[in-house]
Amino acid sequence: MPKKKTLKNDDIDEKKRLELYDSQYLIRFAEQRAYDLFLENLVKGTSHLSLGQEAIAAGFATAMQKNDKSFCTYRGHAHTLARGASVVGVLGELMQRDCGLMRGKGGSMHLTDTSKGVMGSYAIIGAHLPMAVGSAWRAQYMGHDDVATVFFGDGTTNIGAFHEALNYAVVYKLPVVFVCENNNYMEYTPIESITSVKNPAADRASAYGLDSIIIDGNDADEVYRTAQAAYAKARSGDGPSLIECKTYRQSGHSRADPGAYRPDGELDHWKKNNDPIIRYRKRLIEFGVKQKVIDGIEENIKKVGDEATEEAKNSLLKTTWKINQASKLIKLVDSKNYKGKYVLSNDQVTSILELRLQKLTAIGINAVSYTHLRAHETEADLVCRLLLE
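Rules behind the numbers
- Each chain has its residues counted from 1, following the order in which its sequence is written.
- Local features are withheld for residues below a pLDDT of 70 in this predicted model, meaning they are given only at 70 or higher, and side-chain atom pairs are given and counted only at 80 or more; totals for whole chains, interfaces and linings count all residues.
- Excluding hydrogens and water, the side-chain figures rest on all heavy atoms present in the structure.
- Only protein chains enter the calculation, and the probe is 1.4 Å; a residue is then buried if its accessible area is under 20% of its type maximum, exposed if over 50%, and partly exposed in between.
- Numbering of helices and strands starts at the N terminus; helices are DSSP runs of H or I of at least 4 residues and strands are runs of E of at least 2.
- We treat two strands as partners when DSSP finds at least two bridges between them.
- Take the buried residues of types Ala, Val, Leu, Ile, Met, Phe, Trp, Tyr and Cys, join any two whose side-chain atoms come within 4.5 Å, and each joined set is a nonpolar core.
- Contacts are residue-level and defined by heavy atoms, with any inter-residue pair within 4.5 Å sufficient.
- Only the stretch in contact is used when fitting a helix axis, every axis being a line fitted to C-alpha atoms; angles between N-to-C directions are given from 0 to 180 degrees.
- Think of a polar contact as two N or O atoms within 3.5 Å of one another; within protein, one of them needs to be a possible hydrogen donor and the other a possible acceptor, and neighboring residues in sequence only count if both atoms come from side chains.

## Focus: the pairing of strand 8 (residues 241-246)
Of all the six residues making up strand 8, five are buried; the element is thus mostly covered by neighbouring parts of the structure. One ladder, built from six bridges, connects strand 4 (residues 176-182) with strand 8; its direction is parallel. When the sheet's bridge partners are listed, Phe178 is paired in strand 8 with Leu242. Where strand 7 (residues 213-216) meets strand 8, four bridges bridge the pair, whose relative direction is parallel.

Okay, structure coming up:
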């Protein structure tokens with residue numbers, strides 16, 4: 001009987017591979033839907049998509065424990081979804097809806113879901129690296145087994161916080177994994193044109209006593225294996241890892257960027273030859289996964305995404321929610337029986353004050369005196385006075 005051929009990647013079981021594909025396809029679908037909603041004028045402001053970089057988010061999230069912590073950049077949709085945050089919550093946040101992860105107050109660049117270990121998305125380049133180090137230090141000090149993972153772009157490697165965070169993490173052997181998503185461009189500038197080394201993260205690892213790790217960031221299996229090793233190292237007390245994932249973003253830096261600075265044919269080459277979704281779909285078939293199983297995953301995600309879109313669209317806008325809440329409180333405060341006996345939360349008072357802010361401005365109370373009044377009067381007295389003026 002002929003010996004069964006052993007494939008290169010068969011150390012990962014089928015269930016895990018299907019999980020990896022599900023995660024990648026979900027991210028791709030949700031971000032494409034976010035783009036469509038932008039064209040419908042339902043997503044305000046800018047956003048930064050991870051189209052083409054899905055394998056990194058999927059690979060690391062799949063290798064994590066539930067209590068592990070993720071720290072993301074403003075390009076954080078993928079990592080937030082990969083950790084299990086709801087599609088409704090993400091799309092709702094982008095559309096400023098009450099169903100959003102932060103009730104519409106954070107938007108695209110600040111996605112957060114601490115219930116899933118997503119400790120925030122940060123718009124300031126490099127600012128979240130020391131925060132991830134702090135989280136790791138807390139875990140070490142408290143004897144917890146969670147690991148912090150901080151994702152950042154290639155441009156961050158030229159920021160002081162990158163070097164400070166690495167040095168501190170190595171000195172104290174903290175359980176933190178630094179992941180550079182090198183998509184070739186530091187916003188609109190090729191990273192190689194402004195950096196003294198070829199590999200902006202990996203070539204600097206030796207300065208901190210770390211191994212130089214460079215991987216194919218568009219291969220979910222390679223990302224997953226590398227993440228597993230890094231987490232095992234961190235949990236065993238052997239300190240941090242610095243991993244550079246080579247990838248490519250298929251969209252512009254943000255919605256406002258048409259990507260005209262790219263060389264002719266570069267984008268088409270990456271889409272045709274190195275798209276993580278296409279590559280992984282082919283791999284599943286090579287491993288004997290039936291096409292109907294793959295189709296089933298995709299159809300289910302489309303169904304979930306469509307339902308999430310409608311739910312998010314039908315959710316109240318954050319301003320509508322505030323007005324509704326404030327109106328109820330106004331009636332309560334204006335009632336004849338109100339004598340300060342009701343306890344109002346800070347959120348409730350804020351809703352009322354924000355609703356009347358225009359009136360305050362009209363009668364000459366500026367932001368400074370507004371804050372002063374807020375600090376020196378009881379909540380009940382302040383609300384009553386402002387509402388009854």
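## Comments concerning the nonpolar core
With 52 residues, the main nonpolar core has Tyr21, Phe60, Val177 and Tyr231 as its most contacted residues. The dominant element in this core, judged by the number of residues it contributes, is helix 1 (residues 14-39), at 10 residues. Among all residues touching Phe60, those that are not within four sequence positions of it are Thr149, Phe151, Val177, Val179, Val223, Ala227, Tyr231, Ile243 and Cys245. Among the nonpolar cores identified, the runner-up in size contains 22 residues, and Ala132, Leu166, Ala169 and Val176 belong to it.

## What to know about the sheet that holds strand 3 (residues 148-153)
Sheet architecture is open: six strands sit in the order 2-1-3-4-8-7, paired in parallel fashion. In the strand order of this sheet, the two ends are held by strand 2 (118-122) and strand 7, each with one partner. The average angle at which neighbouring strand axes cross in this sheet is 20°, direction not considered. Across three bridges, strand 1 (residues 69-73) lies against strand 2 in parallel orientation.

## Notes on the side chain of Thr195
Mapped onto the elements, Thr195 comes out in the loop between strand 6 (189-190) and strand 7. Classification of Thr195 by relative accessible area gives buried; the value is 11%. Within polar-contact distance, the side chain of Thr195 engages the backbone oxygen of Ile191 at 2.9 Å. When residues no more than four places from it in sequence are discounted, the contact partners of Thr195 are Asn158, Pro200 and Arg204.

## What to know about unusual backbone geometry
Residue Arg103 is not a glycine yet carries a positive backbone phi of 60°. In this fold, Arg103 is placed in the loop between helix 4 (87-94) and strand 2. A positive phi angle, near 65°, is found at Glu187, a position not held by glycine. Along the chain, the position of Glu187 falls in the loop between strand 5 (185-186) and strand 6.

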